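# Chains, contacts and geometry: an overview
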Amino acid sequence: MFDCSQRTLVMGILNVTPDSFSDGGRFTSVDQAAIHAAGMAADGADIVDVGGESTRPGSDPVPAEVEIDRVVPVIRRIAEAAPGLVVSIDTRKAEVAAAALDAGATLVNDVSAAADPEMFALVRDRGAGLVLMHMLGEPKTMQHAPHYEDVVAEVHEFLRERMEAAVFAGVDTERIAIDPGIGFGKDLEHNLTLLRELDALLDIDRPVLVGPSRKRFIGTLLDLPEDQRVEGTAAVVAWVVARGAHAVRVHDVREIVRVVRMTEAIARAGR
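Residues numbered from 1 in each chain as written. Predicted model: local features only at pLDDT ≥ 70, side-chain atom pairs only at ≥ 80, totals over all residues. Heavy atoms only, no water.

### Considering the nonpolar core
- One finds L14, V50, I75, I78, L132 and V248 to be the most contacted residues of the largest nonpolar core, which totals 70 residues.
- If one sorts the elements of this core by residue count, helix α3 (residues 94-103) sits on top with eight residues.
- With residues up to four places along the chain from it excluded, the contact list for I75 reads V50, V87, I89, A100, A103, G104 and A105.
- Within the second largest apolar cluster, eight residues are counted, among which are L9, M11, I47 and L107. (Core = buried A, V, L, I, M, F, W, Y, C linked by side-chain atoms within 4.5 Å. Buried < 20%, exposed > 50% of the residue type's maximum accessible area, 1.4 Å probe, protein only. Helix = DSSP H or I, 4+ residues; strand = E, 2+ residues; numbered from the N terminus. Contact = heavy atoms within 4.5 Å.)

Pasting the structure below:
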């Protein structure tokens, strides 16, 4: 599920929502979404991550049935059109994850690190992959003055505990990845510190996924809107790949695949 032994994996973002922070409303029809997924695969995406609920700062949750109606037809179409492509479902709800796995997804990307008590059992019983992400609070309020004594240590401990809880519940260790949750309940300095010290997470001994794409902290530093943050995203991606990240989650797949491959070539030269 997470074979990162040969190269860093690139996860392409496909939000089928009306209100996601960067691409909301662009891929709300099944045809639009399927075409975009095919394009990301052609550009080198290893995984396409389909989400039906925005988790941008300040967003409200949506009912499971709404999320299912948004994602299932898209996942089914992608799985039928590209059976070799890994499709993940970006959800906090086990009910949504179950419907997505039925439709052809094989990976659950959970920003709440399985806060839903049924998530671990679902992943275990289906033999699916699972990404456990750190988020401080809820999307609605997570950016309201987030506070840490030691952001790296606290994120590390949370992810270690959630990974151990997943394994205790019977989830295969080899099917788990972790994500520090850049931008999820972190201010500018928290994000930069986590990125600078990303290798501190490597001793958890699970693949590390990082999702910096077009995030607010990039816009803050460069004073740029969402659609002009590809260079800033590329800089972050190059840094985290050099620091040991195993996968990155991005909007701009073609450009970032090139950045990843170039960074890997430099990091591995002479080995």
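### So, the pattern of salt bridges
- Counted under the stated rule, the structure contains 19 salt bridges.
- Residue K93 pairs with E67 through a salt bridge whose shortest N-O separation is 2.6 Å. Of the two residues, K93 sits in the loop between β3 (86-90) and α3 while E67 sits in helix α2 (residues 64-81), which places them 26 residues apart along the sequence.
- Its relative accessible area of 18% is what places K93 among the buried residues.
- Between E174 and R206 there is a salt bridge, with the nearest N and O atoms lying 4.0 Å from each other. Pair noted here: E174 is in the loop between α5 (151-168) and β6 (176-179) and R206 is in the loop between α6 (188-196) and β7 (209-210), with a separation of 32 residues, a long-range link.
- The exposure class assigned to E174 is exposed, which follows from its relative accessible area of 52%.
- The buried category is assigned to R206, whose relative accessible area is 8%.
- Sharing partners across several salt bridges, the network here consists of E53, E67, R92, K93 and E138. (Salt bridge = Lys/Arg side-chain N within 4 Å of Asp/Glu carboxyl O.)

### Concerning the sheet that holds β3
- Pairing in this open sheet of eight strands is parallel, and the strands run β6-β5-β4-β3-β2-β1-β8-β7 from one edge to the other. Edge positions in the sheet fall to β6 and β7, since each of these pairs with one other strand and no more.
- Two strands pair when backbone bridges link them, and strand β1 (residues 9-15) and strand β8 (residues 247-250) are joined in this way by four bridges, in the parallel orientation. Paired with L9 across the two strands is A247, which belongs to β8.
- Docked against the sheet, helix α1 (residues 30-42) engages β1 and β2 (47-51), running at close to 165° with respect to β1.
- The sheet strands contacting helix α9 (residues 253-268) are β1 and β8, and the helix crosses β1 at an angle near 165°. (Pairing = 2+ DSSP bridges. Axes fitted to C-alpha atoms, helices over the stretch in contact; angles between N-to-C directions.)

### Brief notes about a negative patch on the surface
- A cluster of acidic residues, E65, D69, E95 and E118, forms a negative patch on the protein surface.
- Mapped onto the elements of the fold, E118 is located in the loop between β4 (107-110) and α4 (119-126). (Patch = residues over 30% accessible without salt bridge, like charges linked within 9 Å, V, L, I, M, F, W, Y side chains within 5 Å. Areas by Shrake-Rupley, 256 points an atom, 1.4 Å probe, with all protein chains shown as cover. Lys, Arg positive; Asp, Glu negative; His and termini not counted. Charge placed at Lys NZ, Arg CZ, Asp CG, Glu CD.)

### Concerning α9
- With 16 residues, α9 should cover 22 Å at 1.5 Å per step; its first-to-last C-alpha distance of 22 Å lies within 8% of that length.
- Buried residues belonging to α9 abut β1, α1, α8 (230-242) and β8.
- Note on α9: the residue one or two positions beyond its end, G270, has a positive phi of about 80°. (Expected span 1.5 Å × (residues − 1).)

### A look at the packing of α1 against α2
- Between α1 and α2, the least distance of the axes is 9 Å, while the angle of their chain directions is 45°. The angle between the axes of α1 and α2 places the two elements in the oblique class. Between α1 and α2 the crossing geometry is right-handed. For the pair formed by α1 and α2, the contact residues are V30, D31, A33, A34 and A37 on the first element and P73, V74, R77 and I78 on the second.
- Here the residues of the contact of α1 with α2 sort into seven nonpolar, no polar and two charged. (Parallel < 35°, antiparallel > 145°, perpendicular 65-115°, else oblique. Left-handed = near helix turned anticlockwise from the far one by under 90°. Nonpolar A, V, L, I, M, F, W, Y, C, P; charged D, E, K, R; others polar.)

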